[in-house]
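Coordinates in review
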Amino acid sequence: MSSASLRKPQIRKPQVCVLGSAEPGSTAYELAGQAGALLARHGITLVSGCGSPATRVAAERAVAAGGLVLSIVPPDEMPPADWPATVVVPCGMGDARNLLMALSGDACLVIGGRAGTISEVCLAWLHKRPLLPLVGHGGWSDSLPSSPPDERKNSPILPWSSMAELERQLRQLQLVPSA
């Protein structure tokens, strides 16, 4: 019997957490939506709070592409039935849910961002999750490659500014099979 036949099948799909914020009409917002669809096409579960326009559009486009979306929401109650997620976890933890977000991805996509995003990114960094910041389109994620959370080099920071670059970075992390 070969070693290939002894391997267990992969059951769990890769998960990528989408963090950040960008306003509708911006290039970053449109790229967030395209990223959601890309993740779905590759069978990657998108993890999102769906609270900002950018994370919400990523989730909407992933669902529209037939993907799985896990939404971890701060309150202790279920969101409306039209919430863009296939699975919802109302954690009742408020901002403390940022740790759950940071830990729920094999990697974290960072788009723009404000204080909540910075918190999630720092937690992901502390827990050695690779970071994929969108660069060249405004927001806090632009500065992440040159200004990591601290000097420890806990995990790779793999910037992207287009879908081709994002796909290449996902391949580098082995979350997408090589072409």
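Presented here is an overview of the structure given in this document. (Residues numbered from 1 in each chain as written. Predicted model: local features only at pLDDT ≥ 70, side-chain atom pairs only at ≥ 80, totals over all residues. Heavy atoms only, no water.)

Some remarks on the sheet that holds strand 6 (residues 131-133)
The cut-off we apply is this: Two strands are said to pair when DSSP picks up at least two bridges between them. Put simply, DSSP H or I for four residues or longer makes a helix, DSSP E for two residues or longer makes a strand, and each gets a number counted from the N terminus. Each axis is a line fitted through C-alpha atoms, taken for helices only over the stretch in contact, and angles between the N-to-C directions span 0 to 180 degrees.
Spatially, the 6 strands line up as an open sheet ordered 4-3-2-1-5-6, and their pairing is parallel. The open sheet is flanked by strand 4 (87-90) and strand 6, the only strands paired with a single partner. The sheet shows a mean angle of 20° between the axes of neighbouring strands, taken without regard to direction. The pairing of strand 1 (residues 15-21) with strand 2 (residues 45-48) spans 3 bridges and is parallel.

A closer look at the packing of aromatic side chains
Aromatic rings in a pair are described by how distant their centres are and how their planes are angled relative to each other. Filter applied, for reference: Ring pairs shown here join Phe, Tyr and Trp side chains whose ring centres sit within 6.5 Å, with only the six-membered ring taken for Trp; geometry is labelled stacked below 30 degrees between planes, edge-to-face above 60, and tilted in between. A ring is scored as having a charge over it whenever the NZ atom of a lysine or the CZ atom of an arginine sits within 6 Å of its centre and within 35 degrees of its normal.
Across all of its chains, the model carries 0 aromatic pairs by this definition. Note that arginine 56 overlies the ring of tryptophan 83, its terminal NZ or CZ placed 4.9 Å from the centroid.

A few points about helix 2 (residues 27-41)
Applicable threshold: A helix is expected to span 1.5 Å for every residue after the first. Buried residues are those whose accessible area, probed at 1.4 Å on protein chains only, stays under 20% of the maximum for their type, while exposed residues exceed 50% and partly exposed ones sit between those limits. Contact criterion: two residues are considered in contact whenever any of their non-hydrogen atoms come within 4.5 Å of each other.
Counted at 1.5 Å a residue, the expected span for helix 2 with its 15 residues is 21 Å, and the 21 Å between its end C-alpha atoms agrees. Counting buried positions over the 15 residues of helix 2 gives 11, a clear majority of the element. Within helix 2, burial applies to Ala28, Tyr29, Leu31, Ala32, Gly33, Ala35, Gly36, Ala37, Leu38, Leu39 and Ala40. Of the surrounding elements, those touching the buried residues of helix 2 are strand 1, strand 2, helix 3 (53-64), strand 5 (107-112) and helix 6 (163-172).

Comments concerning helix 5 (residues 115-126)
Selection rule: Throughout, the arc means the angular range of directions from the helix axis out to the C-beta atoms.
Over its 12 residues, helix 5 runs 17 Å from end to end, which matches the ideal 16 Å to within 8%, given 1.5 Å per residue. Looking only at helix 5, the buried set comprises Thr117, Glu120, Val121, Ala124 and Trp125. Each buried residue of helix 5 lies within a common arc of 140° when the element is viewed along its axis, so the set occupies one face. Looking at the packing, one finds that the buried side of helix 5 touches strand 1, helix 4 (97-103), strand 5 and strand 6. Following helix 5 by one or two positions, lysine 128 adopts a phi angle in the positive range, close to 60°.

Thoughts on the environment of alanine 65
Residue placement: alanine 65 occurs in the loop between helix 3 and strand 3 (69-73). The spatial distance from the C-alpha of alanine 65 to the C-alpha of leucine 39 is 9.1 Å, given a sequence separation of 26 residues.

Remarks on the pattern of salt bridges
As a reminder, the rule being used: Any Lys or Arg side-chain nitrogen located within 4 Å of an Asp or Glu carboxyl oxygen qualifies as a salt bridge.
Inspection of the entire model under this criterion finds 7 salt bridges. Two residues, aspartate 150 and arginine 152, come together in a salt bridge whose shortest N-O distance is 2.5 Å. The residue glutamate 167 makes a salt bridge to arginine 171 at a minimum N-O spacing of 3.7 Å. Taken together, the residues span about one helical turn, with glutamate 167 and arginine 171 both in helix 6 at a distance of 4 residues.

Observations regarding the layout of surface pockets
To be explicit about the condition: Cavity: a set of points on a 1 Å grid over the protein atoms alone where a 1.4 Å probe fits but cannot get out. Pocket: an open set with protein on both sides within 12 Å along at least five of seven lines, its lining residues, like those of a cavity, having an atom within 4 Å of a point. Grid points are joined across faces, edges and corners, and a volume is the space filled by probe spheres set on the points. Residues are grouped as follows: Ala, Val, Leu, Ile, Met, Phe, Trp, Tyr, Cys and Pro are nonpolar; Asp, Glu, Lys and Arg are charged; all remaining types, including Gly, are polar.
Of the volumes computed, that of the largest pocket is approximately 240 Å³. Mapped by element, the contributors of at least two residues to the lining of the largest pocket are strand 1, helix 4 and helix 5. Its residues assigned to classes, the lining of the largest pocket comprises 5 nonpolar, 8 polar and 3 charged.

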